Amino acid sequence: MPGIAIVTGASSGMGAEFCRSLDSEGLECIWLVARRADRLEAVASELKTPSRVITTDLSGHEGVDSLLSIVASEKPDIRFLVNCAGLGKFGKTWEVPAEDTRSMVGLNVSALVDITNGCIPLMRKGSSIIEVCSASAYMPLAELNVYSASKAFVRAYCEGLRQELDGTGISLIEVSPGWVGTEFIALSQSSDSVPEKVFKHTVTSERVVADAMRDLKKGRKRSVCGPYNKLQVFLCRHMPAIASRVWRNSLR
């Protein structure tokens with residue numbers, strides 16, 4: 001079952017690491033999708049599997065439509081879909097620039113849904129969907145409100161879609177790490193006003209991806225990397241008042 005993989009957000013961080021992990025899956029080709037062509041080419045040069053670089057901005061519908069038009073015209077046999085592209089911005093909700101807010105919703109929600117929906121008809125038994133969500137999906141986060149709300153949507157979307165896929169043989173895993181040591185952390189801040197302790201328990205993209213691929217092969221619905229993040233998700237689900245207090249205190 002060779003087929004191809006499509007990885008969004010493939011130019012850096014977890015997206016690039018998923019490409020490296022999928023390099024050992026015996027695929028015909030890995031499609032690397034993101035905005036920065038030079039970064040995509042650099043990742044592609046590391047791979048033994050034939051690769052295809054698709055440069056497009058998925059935060060707007062034009063970029064998504066561009067990718068989906070290629071998918072629709074070529075009708076590839078999709079074995080893996082990894083939706084890793086994402087954007088977050090700290091700040092009080094009304095103070096975050098409107099353009100950033102629209103990009104967060106566009107990339108984290110609309111692009112993920114549209115790309116997933118466009119790829120499912122070209123997947124078959126044994127194919128896998130990997131949706132990169134976040135531990136923030138489990139609790140509203142002040143100062144990171146739109147981002148956490150967008151990830152709460154992804155979590156709910158995964159739950160419902162998994163039920164709809166029942167009987168198709170297509171698996172879906174939600175990957176919900178906490179803070180990952182990538183450029184996402186720097187890009188999420190418009191100033192240095194976010195305390196360093198917020199990012200105290202970061203994990204590496206290598207570990208997140210290794211855990212995700214292991215959990216996917218075990219048939220799990222969700223992958224949460226590291227004991228601290230597992231505890232965080234547990235608290236959010238069962239003791240939300242305590243989890244909210246911990247978050248607010250980390251911002252002080």
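Refer to the structure above for everything that follows.
Reading the values: rules and limits
Residue numbers restart at each chain and count upward from 1, following the sequence in its written direction. Whole-chain, interface and lining totals are the exception, using all residues; otherwise, since this is a predicted model, local features are given only for residues with pLDDT of at least 70 and side-chain atom pairs are given and counted only at 80 or more. Only hydrogens and water are set aside when side-chain values are computed; all heavy atoms of the structure are taken into account. Planes of paired rings set the category: under 30 degrees apart is stacked, over 60 is edge-to-face and the rest tilted, where pairs are Phe, Tyr or Trp rings (Trp by its six-membered ring) whose centres lie within 6.5 Å. Numbering of helices and strands runs from the N terminus, with a helix taken as a DSSP run of H or I at least four residues long and a strand as a DSSP run of E at least two residues long. Each residue gets one of three labels from its accessible area relative to the maximum for its type: buried under 20%, exposed over 50%, partly exposed in between, using a 1.4 Å probe on protein chains only. Two conditions define a charge located above a ring, namely a distance within 6 Å from the ring centre to NZ of Lys or CZ of Arg, and an angle within 35 degrees of the ring normal. Whether two strands pair depends on DSSP finding at least two bridges between them. Here, residues are in contact when the closest pair of their heavy atoms is within 4.5 Å. Every axis in this analysis is a line fitted to C-alpha atoms, fitted for helices over the stretch in contact. Angles between the N-to-C directions lie between 0 and 180 degrees. Definitions used for this entry: grid spacing 1 Å over protein atoms alone; cavity, a set of points where a 1.4 Å probe fits but cannot get out; pocket, an open set with protein on both sides within 12 Å along at least 5 of 7 lines; lining residue, one with an atom within 4 Å of a point. Grid points are joined across faces, edges and corners, and a volume is the space filled by probe spheres set on the points. Here, nonpolar core refers to any group of buried Ala, Val, Leu, Ile, Met, Phe, Trp, Tyr and Cys residues whose side-chain atoms link them within 4.5 Å.

Caption draft 1: How the structure looks around the packing of aromatic side chains. Here the structure, examined in full by the defined rule, presents one aromatic pair. Summarising the aromatic geometry, the rings of Phe 153 and Tyr 157 are spaced 6.1 Å apart at their centres and angled 10° between planes, so their arrangement reads as stacked. Taken together, the positions of Phe 153 and Tyr 157, both in helix α5 (residues 145–164) and four residues apart, correspond to about one turn of that helix. Residue Tyr 157 is classed as buried on the basis of its relative accessible area, which comes to 15%. Positioned above the aromatic ring of Trp 31, the side-chain terminus of Arg 52 is 4.8 Å from the ring centre.

Caption draft 2: Representation of the sheet that holds strand β6 (residues 171–175) in the model. The sheet built from seven strands is open, its strands ordered β3-β2-β1-β4-β5-β6-β7 with parallel pairing. Sheet topology places β3 (51–55) and β7 (222–223) at the edges, where each strand pairs with a single neighbour. As paired strands, strand β1 (residues 4–8) and strand β2 (residues 29–34) are joined by five bridges and run parallel to one another. Paired with Ile 4 across the bridge in β2 is Cys 29. Sitting on the sheet, helix α1 (residues 13–22) touches β1, β2, β4 (78–83) and β5 (128–132), and the angle it makes with β1 is about 165°. On top of the sheet, helix α7 (residues 205–217) reaches β4, β5, β6 and β7; it is set at about 150° to β6, its chief contact.

Caption draft 3: Structural context of empty space enclosed by the protein. Tallying each qualifying case throughout the model produces one cavity of 30 Å³ or more. For the largest cavity, the calculated volume is near 70 Å³. Around the largest cavity, the lining residues are Thr 8, Leu 58, Asn 83, Cys 84, Ala 85, Leu 107, Asn 108, Ala 111, Leu 112, Ile 115, Val 132 and Lys 151. Of the residues forming the lining of the largest cavity, the biggest block, five residues, is contributed by helix α4 (residues 98–119).

Caption draft 4: Structural detail: the nonpolar core. Counting residues in hydrophobic clusters, the biggest one holds 38 residues, and the most contacted among them are Ile 6, Trp 31, Leu 58, Ile 78, Ile 115 and Ile 129. Among the elements of the structure, β1, β2, α3 (61–74), β4, α4 and α5 are those that each provide at least two residues to this core. In terms of residues, this core owes the most to one element, α4, which gives six residues. In this view, Ile 6 contacts Trp 31, Val 33, Val 71, Ile 78, Phe 80, Leu 81, Val 82 and Cys 119; residues no more than four positions away in its chain are not counted.

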